[in-house]
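Given next are the chains, with one letter for each unit.
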Amino acid sequence: MSKAERTTQYIIETVAPIFNRNGYSGTSLSDITAATGLTKGAVYGNFENKEELALQSFNHNLRLVMDKLAEAMNSEHSIVLKLNALTKFYRSYPVLTSPIGGCPLLNVGIDANHQNEVLMNRVREVNLKLLKNMSNLLQEGIDNGEINPFINTMKYAGRIIAMIEGSVYMTFTLNDDSYIIDIMDHIDQMIETELKK
């Protein structure tokens, strides 16, 4: 890494939790310079504008979460066990994401809606990718004989993602982990009774 690349990475890692907690409008230039110890010129010498920095911060926070989820799921070899790894991961999601200010997808999705088209388009893109990946995983399970061949994979992908995001919303807004735990239990039951062949 060059010095410029190290500086860019340092800025992103430092301000990503601030954007995640405070939102785009709620994060001021003084917040950014105070956290990084850099001048405005040094910050914006590395980014085109605040919007680019916010977008890269969102992508950074998202990678932190998604890399851990991928690691948990990829450690399993069967599709059913991968789905179980997904629910196990989300049971500890509040603890995992508290250092960065909560769920980046939820926080930025709520903050950017009707406020920032660039960030909102990125959130939509991520959600569509999550749906596609989940549908593909279920289809792989059908193809290898693990998953019920009569299910609509995209419909079940939507149910799983919506239940997860809804339970994350309830857990974070009410500061009560029981919502996410209950929904993960429900998804596990759905895997056993509706998805498994």
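Everything discussed here concerns the structure shown above.
The model shown is predicted, which means the values in this text are computed figures rather than measured ones.

**With respect to the nonpolar core**
If you look at the biggest cluster of nonpolar residues, it comprises 52 residues, and the most contacted ones within it are Leu53, Leu83, Tyr90, Met134 and Leu195. When residues of this core are traced back to their parent elements, those giving at least two are α1 (3–26), α4 (50–74), α5 (79–91), α7 (104–112), α8 (117–143), α9 (153–174) and α10 (178–195). At nine residues, the largest contribution of residues to this core is made by α8. Dropping the residues within four chain positions of it, Leu195 is found in contact with Leu83, Leu138, Glu146, Ile147, Asn148, Ile151, Tyr156, Ile160 and Met190.

**A short note on a nonpolar patch on the surface**
A cluster of nonpolar residues, Ile110, Tyr169, Met170, Leu174 and Tyr179, forms a patch on the protein surface that exposes about 450 Å² of accessible area. If one sorts the elements of the nonpolar patch by residue count, α9 sits on top with three residues. Within the element layout of this structure, Ile110 appears in helix α7.

**Examining α8**
Helix length check: α8, at 27 residues, gives a terminal C-alpha distance of 38 Å against a target of 39 Å (1.5 Å per residue), a fit within 8%. Listed in full, the buried residues belonging to α8 are Leu119, Met120, Val123, Val126, Leu130, Met134, Ser135, Leu137, Leu138, Gly141 and Ile142. Sitting at the amino-terminal end of α8 is Asn116, which places a side-chain oxygen 3.2 Å from the backbone nitrogen of Val118. With its phi angle positive at about 85 degrees, Gly145 sits one or two positions after the end of α8.

**Let's talk about the environment of Leu55**
Within the fold, Leu55 resides in helix α4. In sequence terms Leu55 and Met66 are eleven residues apart; their C-alpha atoms lie 16 Å from each other. Other than its neighbours up to four places away in sequence, Leu55 contacts Val118, Leu119 and Arg122.

**Some remarks on the packing of aromatic side chains**
For the structure on display, the rule yields four aromatic pairs. Centroid distance Phe89 to Tyr93: 6.0 Å. Interplanar angle 55 degrees. Geometry classified as tilted. Measuring from centroid to centroid gives 6.4 Å for Tyr93 and Phe172, while their planes differ by 90 degrees, and the two rings are edge-to-face. Of the two residues, Tyr93 sits in helix α6 (residues 93–97) while Phe172 sits in helix α9, which places them 79 residues apart along the sequence. Of the residues examined, Tyr93 reaches a relative accessible area of 2% and is grouped as buried. Residue Phe172 is classed as partly exposed on the basis of its relative accessible area of 28%.

**Some words on the pattern of salt bridges**
Where charged atoms of side chains with opposite charge meet at close range, the side chains can pair. The final tally for this structure, using the stated rule, is four salt bridges. In this structure, Arg91 engages Asp185 in a salt bridge whose closest nitrogen and oxygen atoms are separated by 2.7 Å. Here Arg91, found in helix α5, pairs with Asp185, found in helix α10; they are 94 residues apart in sequence, far enough to count as distant. Residue Glu125 pairs with Arg122 through a salt bridge whose shortest N-O separation is 2.4 Å. Note that Glu125 and Arg122 are positioned in helix α8 at a spacing of three residues, about one turn of the helix. Taking relative accessible area as the criterion, Glu125 reaches 48% and is therefore assigned partly exposed. Residues participating in the shared-partner salt-bridge network are Arg91, Asp185 and Asp188.

Cut-offs used in this document
Residues numbered from 1 in each chain as written. Predicted model: local features only at pLDDT ≥ 70, side-chain atom pairs only at ≥ 80, totals over all residues. Heavy atoms only, no water. Core = buried A, V, L, I, M, F, W, Y, C linked by side-chain atoms within 4.5 Å. Buried < 20%, exposed > 50% of the residue type's maximum accessible area, 1.4 Å probe, protein only. Helix = DSSP H or I, 4+ residues; strand = E, 2+ residues; numbered from the N terminus. Contact = heavy atoms within 4.5 Å. Patch = residues over 30% accessible without salt bridge, like charges linked within 9 Å, V, L, I, M, F, W, Y side chains within 5 Å. Areas by Shrake-Rupley, 256 points an atom, 1.4 Å probe, with all protein chains shown as cover. Salt bridge = Lys/Arg side-chain N within 4 Å of Asp/Glu carboxyl O. Expected span 1.5 Å × (residues − 1). Polar contact = N/O pair within 3.5 Å; in protein donor to acceptor, adjacent residues only side chain to side chain. Phe/Tyr/Trp six-rings, centres within 6.5 Å; stacked < 30°, edge-to-face > 60°.

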